[in-house]
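# Coordinate analysis (summary)
One-letter residues, chain by chain:
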Amino acid sequence: MRTEARQLQLLLLVICLFAITACGQSATTDNSAASFEGGSANEAKAKLVYKQNCVGCHAADLSGRVGPNLQSIGSTLTKAEIYEAISSGREGMPPYDKRLEAEDIDALAAWLAAHTDSKGATE
Ligand code: HEC
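You'll find the chain entered in an unreviewed UniProt entry as Cytochrome c, with Paenibacillus lentus given as the organism.

Helix and strand counts for the chain stand at 5 helices and 0 strands. When its helices and strands are written in sequence order, the chain yields α-α-α-α-α. Taken across its 123 residues, the chain has 17% of its residues classed as buried. Intrachain contacts of the chain at a sequence separation of at least 6 include 57% that bridge at least 24 residues.

Turning our attention to the UniProt feature "binding site: heme c" (unreviewed entry) in the chain. Per the UniProt record, the feature "binding site: heme c" (unreviewed entry) sits at C54, C57, H58 and M93. In terms of the greatest pairwise C-alpha distance, the residues named above, spread along 40 residues, form a tight cluster of at most 10.4 Å across. Counting through the fold element by element, C57 comes out in helix α3 (residues 55–58). With residues up to four places along the chain from it excluded, the contact list for C57 reads R65, V66, G67 and M93. Mapped onto the fold, M93 is located in the loop between α4 (79–88) and α5 (102–113).

Contact geometry of helix α2 (residues 41–53) with α5 gives a least axis separation of 8 Å together with a crossing angle of 100°. Accordingly, the angle class assigned to the pair α2 and α5 is roughly perpendicular. Contacts between α2 and α5 involve N42, E43, K45, A46, V49 and Y50 from the former and D104, A107, L108, A110 and W111 from the latter. The residue makeup of the contact of α2 with α5, split by class, is 7 nonpolar, 1 polar and 3 charged.

Before going further, it helps to examine α2. Over its 13 residues, α2 extends 18 Å from the first C-alpha to the last, a length consistent with the 18 Å expected when each residue adds 1.5 Å. Taken residue by residue, α2 has K45, A46, K47, V49 and Y50 as its buried positions.

Another point: the site of the ligand. Lining the immediate environment of the ligand, one finds 22 residues, of which C54, C57, G67, G92 and M93 sit closest. Of all the secondary structure elements, the ones that give two or more residues to the shell around the ligand are α3, α4 and α5. Class assignment of the residues belonging to the shell around the ligand gives a composition of 14 nonpolar, 6 polar and 2 charged.

Parameters at a glance
- Residues numbered from 1 in each chain as written.
- Predicted model: local features only at pLDDT ≥ 70, side-chain atom pairs only at ≥ 80, totals over all residues.
- Helix = DSSP H or I, 4+ residues; strand = E, 2+ residues; numbered from the N terminus.
- Buried ≥ 20, exposed ≤ 12 C-beta atoms within 10 Å, placed from the backbone.
- Contact = placed C-beta atoms within 7 Å.
- UniProt positions renumbered as here; feature names shortened; annotations may be inferred.
- Axes fitted to C-alpha atoms, helices over the stretch in contact; angles between N-to-C directions.
- Parallel < 35°, antiparallel > 145°, perpendicular 65-115°, else oblique.
- Nonpolar A, V, L, I, M, F, W, Y, C, P; charged D, E, K, R; others polar.
- Expected span 1.5 Å × (residues − 1).
- Near = placed C-beta within 6 Å.

Okay, here's the thing in C-alpha cells:
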C-alpha cells in the first residue's frame, strides 16, 4: 500500500515536470515566431495565423489562388465585413469560427482591413 502511494506521488511529479517543460517550450516558440515576424504584436499574430490557415488559397503575398486577391480588400470591405467573411466562411472557403480564437480572427480582420492599396501588399 505504502509503495503504491509513493509510486503514485512519483508519477504525479513526473507528469507535473513534463507539463511545465512542455508549456515553457511552446511559450518560447511563440515568442520567437512573433519577433521573427516583426511589426506590432497584432500584425505579427495576424501574419502567423494567415500563414497557418490562409496561404493555400489566398497566397503568401495575398495575390490569391483558389480564393480572391486580398491585396486591397480594405478598400471594398470593412473590418467587420472581413471578420464576418472569415468567421462564417464563403462559398469555397471554410468558416473559421470553430478553428480560430475570436482574437485571432480579429487580428486577421484588422490586418486585412489595413490593406487598401495593392502596392503595399504584404506590409
Ligand atoms: C479552401 C480555400 C480557402 C481558404 C483556406 C481560405 N479562403 Fe478566403 N476565400 C476563398 C474563396 C474561394 C473566397 C471567395 C468566396 C466567394 O466568392 O464568395 C474567399 C473569400 C475570402 C474573403 C472575402 C473576399 C471578398 O472580396 O469578399 C476574405 C476576407 C477571405 N477569404 C479571407 C480569408 C482568410 C483570412 C483566410 C484564413 C483564415 C481564408 N480566407 C482562408 C477560399 C479560401
